[in-house]
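# Structural overview for review
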Amino acid sequence: MEVTVIGSGNLGKSIITGLASSDLFDPKNILVADKSDENLEIIKKQAGVSVTADNVQAIKQSKWVILCIQPRILKIVLNEIKGHLKNDQILISTVTGVSISEINEIVPNNKVIRAMPNTAAVKQQSMSFICADDMEHEDVSFVEKMFGTIGKTMVIEERLMQAATVLGASSTAFFLRFLRALTQGGVQMGFHPHEAQEISAQVAIGAAALIEDGTHAEVEVDNVTTPMGCTIEGLNAMEHNGLSSAVIKGIMAAYKRISDIK
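Every value quoted in this text rests on a predicted model; they were computed, and no experiment measured them.

On to the UniProt feature "domain: Pyrroline-5-carboxylate reductase dimerisation" (unreviewed entry) in the protein chain. Per the UniProt record, "domain: Pyrroline-5-carboxylate reductase dimerisation" (unreviewed entry) is found at residues 158-259. Structurally, residues 158-259 comprises 81% helix and 0% strand, and the distance from its first C-alpha atom to its last is 13 Å.

Leaving glycine out, the prevailing phi sign among residues is negative, and the prevailing peptide bond configuration is trans. One non-glycine residue with positive phi stands out, namely Gln124, at about 55°. Mapping Gln124 onto the fold places it in the loop between strand S6 (111-116) and strand S7 (126-132).

Next up on the list: the packing of helix H1 (residues 10-20) against helix H2 (residues 37-47). At a closest axis distance of 10 Å, the pairing of H1 and H2 adopts a crossing angle of 25°. Taken together, the axes of H1 and H2 are roughly parallel relative to one another. The handedness of the crossing between H1 and H2 comes out as right-handed. Where H1 approaches H2, its residues Lys13, Ile16, Thr17 and Ala20 are matched on the opposing element by Asn39, Ile42, Ile43, Gln46 and Ala47. Grouping the constituent residues of the contact of H1 with H2 by class yields five nonpolar, three polar and one charged.

The subject of this paragraph is the packing of aromatic side chains. Summed over all chains, the structure comprises two aromatic pairs. With 4.9 Å between their ring centres and 25° between their planes, Trp64 and Phe142 make a pair best called stacked. Residue Trp64 is located in strand S4 (residues 64-67), and its partner Phe142 is located in helix H6 (residues 138-147); the two are separated by 78 residues in the primary sequence. Using a relative accessible area of 16% as the deciding quantity, one classes Phe142 as buried. Grouped by ring-pair contacts, the aromatic residues Phe25, Trp64 and Phe142 constitute a single cluster.

Summarising the element assignment, Asp34 is placed in the loop between strand S2 (30-33) and H2. In this structure, Asp34 is buried with no salt-bridge partner, the nearest side chain bearing the opposite charge being Lys13 at 6.6 Å. A polar side-chain atom of Asp34 sits 2.7 Å from the main-chain amide nitrogen of Ser36. When residues no more than four places from it in sequence are discounted, the contact partners of Asp34 are Gly7, Ser8, Gly9, Asn39, Leu40, Thr52 and Ala53.

Parameters at a glance
Residues numbered from 1 in each chain as written. Predicted model: local features only at pLDDT ≥ 70, side-chain atom pairs only at ≥ 80, totals over all residues. Heavy atoms only, no water. UniProt positions renumbered as here; feature names shortened; annotations may be inferred. Helix = DSSP H or I, 4+ residues; strand = E, 2+ residues; numbered from the N terminus. Axes fitted to C-alpha atoms, helices over the stretch in contact; angles between N-to-C directions. Parallel < 35°, antiparallel > 145°, perpendicular 65-115°, else oblique. Left-handed = near helix turned anticlockwise from the far one by under 90°. Contact = heavy atoms within 4.5 Å. Nonpolar A, V, L, I, M, F, W, Y, C, P; charged D, E, K, R; others polar. Phe/Tyr/Trp six-rings, centres within 6.5 Å; stacked < 30°, edge-to-face > 60°. Buried < 20%, exposed > 50% of the residue type's maximum accessible area, 1.4 Å probe, protein only. Lys, Arg positive; Asp, Glu negative; His and termini not counted. Salt bridge = Lys/Arg side-chain N within 4 Å of Asp/Glu carboxyl O. Polar contact = N/O pair within 3.5 Å; in protein donor to acceptor, adjacent residues only side chain to side chain.

Following this line, the structure appears as structure tokens:
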């Protein structure tokens with residue numbers, strides 16, 4: 001079984017590296033297409049995959065065609081390959097903000113599955129979202145396994161893809177901004193910046209691990225706070241200054257913005 005990835009930018013490289021290191025595909029059966037010779041040379045050395053600058057040639061033998069391209073060139077690429085696609089080929093689009101129906105307007109005879117990873121894919125720690133018209137089809141399950149090579153996956157309804165973009169992708173920036181604030185606080189207390197950042201990052205990893213089994217976050221908050229202690233003092237000061245409200249407002253502002261983009 002062969003897979004083609006069109007586009008080998010940062011996201012494409014992450015997906016290709018994940019697939020090449022998994023047991024789903026032999027690297028020699030992964031074909032990467034890109035107009036950048038530099039990108040192709042890098043990913044060929046990095047993952048041991050086959051490469052080409054010809055999109056049409058790239059899709060000839062592959063059942064799975066993953067589109068890792070910018071929205072502005074999606075129509076160009078689809079129009080280039082649509083006359084060469086077979087009915088049994090599956091298009092997997094990672095293109096933000098473009099619906100399955102919009103893609104089907106250009107390539108009406110192919111099954112389209114949308115997948116949305118986040119930038120942590122480069123560390124194989126992505127939170128990826130999968131959606132399709134037929135959520136129960138075996139192809140969706142296999143795509144879920146594919147994106148499981150770069151982190152965790154969740155199959156959702158397409159109507160939630162915009163919300164998933166905010167909560168699953170934009171939130172990376174929200175968390176990093178909070179980590180920066182923790183780091184700045186650490187520096188003010190006396191740590192060197194690199195020490196404060198290392199501490200804050202590891203605390204974030206540990207905090208996430210505490211609730212991986214589904215434990216409610218507030219249960220673990222209660223485990224840290226003690227009566228009249230420094231933790232509850234700090235938490236209450238943050239809440240008095242609008243921490244939770246600011247985060248929720250930020251998330252909803254981002255959601256309103258992405259909902260308005262068309």
